[in-house]
Structures are given as structure tokens and as C-alpha cells.
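# Reading the structure
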Amino acid sequence: MALARALARRPEVILLDEPFSSLDASLRTTVREEVSALLRRQGATTVLVTHDQEEALSLADSVAVLRDGVIVQQGTPAELYTRPSTSASQASSAPPTFSRPASTMSGRTRCSAG
């Protein structure tokens, strides 16, 4: 319900902080797929904070791996999965993710919404 209210305003950026963590496994997958499709149709940049590697890699267009608040690797899910650059990238916990392409310059990540 909260997500529907937020999307009704057509925001440019949405922050989802562990939105699926309290759902059981079968419901989590279904809701995750439905929310992902809805957000893509909406066209809003979405920052998804998660510790679930499967969630991060299945939802994101771009993934940023943070270690102690610093981005240690960024790329597509396929790039991070096949070529992790650090032991932090290889860890089982997943990073915050972005549903639109983002770039990093001088330690700051920017996406199409700013």
C-alpha cells in the first residue's frame, strides 16, 4: 500500500530499503517480480538497499558494492557476478542497487535523476 501511494505521485527517485525482507521465500519472489515490472513501467530511478545477493542481481541494471560506505565495485549484475574485483564483491551479502544506469566519479555515484 505504501508503495502504491508513493508511485501515485510519480516521483523521479524511489528508495526501497529491504522492502522484501519480511516476506516468505515464495511470496518474496512473486512480489519482487511484480514490483520490478511496476517500477520499470513507472520509469522512476530506484535505489534498492538489500543484503540479498539474488535480489540485487535479479532486479538491478547496475549494482554498486559498498564496503564501509565506499563503493568498491560497480557494474552490471553480469559483470559483478562473473568478474568480482575484490573479496568484498565476492561476499554473500549484496549491495545497494540501482534500476537505471549509474556512474561513479570521485567517489560519488550519479544516475539519470542526479
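To start, this report covers the structure provided alongside it. These numbers come from a predicted model, not from an experiment.

### Remarks on the overall build of the chain
- The helix and strand inventory of the chain stands at five helices and seven strands.
- Counting the 114 residues in the chain, one finds 32% classified as buried.
- Approximately 7,100 Å² of the chain is accessible, and the part contributed by carbon and sulfur atoms is 52%.

### Quick look at the pairing of strand E3 (residues 62-67)
- Pairing analysis gives five bridges linking E3 to strand E4 (residues 70-75), with the strands arranged antiparallel. Directly across from Arg 67, in E4, lies its bridge partner Val 70.
- Counted along the chain from E3 to the antiparallel partner E4, the turn is two residues long, and its residue Asp 68 has a positive phi close to 55°.

### As for helix H2 (residues 25-42)
- Between its terminal C-alpha atoms H2 stretches 26 Å, which fits the 26 Å expected from 18 residues at 1.5 Å a residue.
- For H2, every residue scored as buried is listed here: Arg 32, Val 35, Ser 36, Leu 39 and Gln 42. Along the axis of H2, the buried positions cluster into a sector of 125°, meaning they face one direction only. Residues Ser 26, Glu 33, Glu 34 and Arg 41 are exposed on H2 and point more than 90 degrees away from its buried face.
- Buried residues along H2 sit in contact with helix H1 (2-8), strand E1 (13-17), strand E2 (45-49) and helix H3 (53-59).
- Where H2 ends, the next residue or the one after it, Gly 43, has phi of about 80°, a positive value.

### A word on the nonpolar core
- Listed in full, the nine residues of the largest apolar core are Leu 7, Ile 14, Leu 16, Phe 20, Val 35, Leu 39, Ala 44, Leu 48 and Leu 59.
- Where this core is concerned, the elements lending two or more residues are E1 and H2.
- The contact partners of Val 35, leaving out residues within four places of it in the chain, are Leu 3, Leu 16 and Phe 20.

Cut-offs used in this document
- Residues numbered from 1 in each chain as written.
- Predicted model: local features only at pLDDT ≥ 70, side-chain atom pairs only at ≥ 80, totals over all residues.
- Heavy atoms only, no water.
- Helix = DSSP H or I, 4+ residues; strand = E, 2+ residues; numbered from the N terminus.
- Buried < 20%, exposed > 50% of the residue type's maximum accessible area, 1.4 Å probe, protein only.
- Areas by Shrake-Rupley, 256 points an atom, 1.4 Å probe, with all protein chains shown as cover.
- Pairing = 2+ DSSP bridges.
- Expected span 1.5 Å × (residues − 1).
- Arc of directions from axis to C-beta.
- Contact = heavy atoms within 4.5 Å.
- Core = buried A, V, L, I, M, F, W, Y, C linked by side-chain atoms within 4.5 Å.

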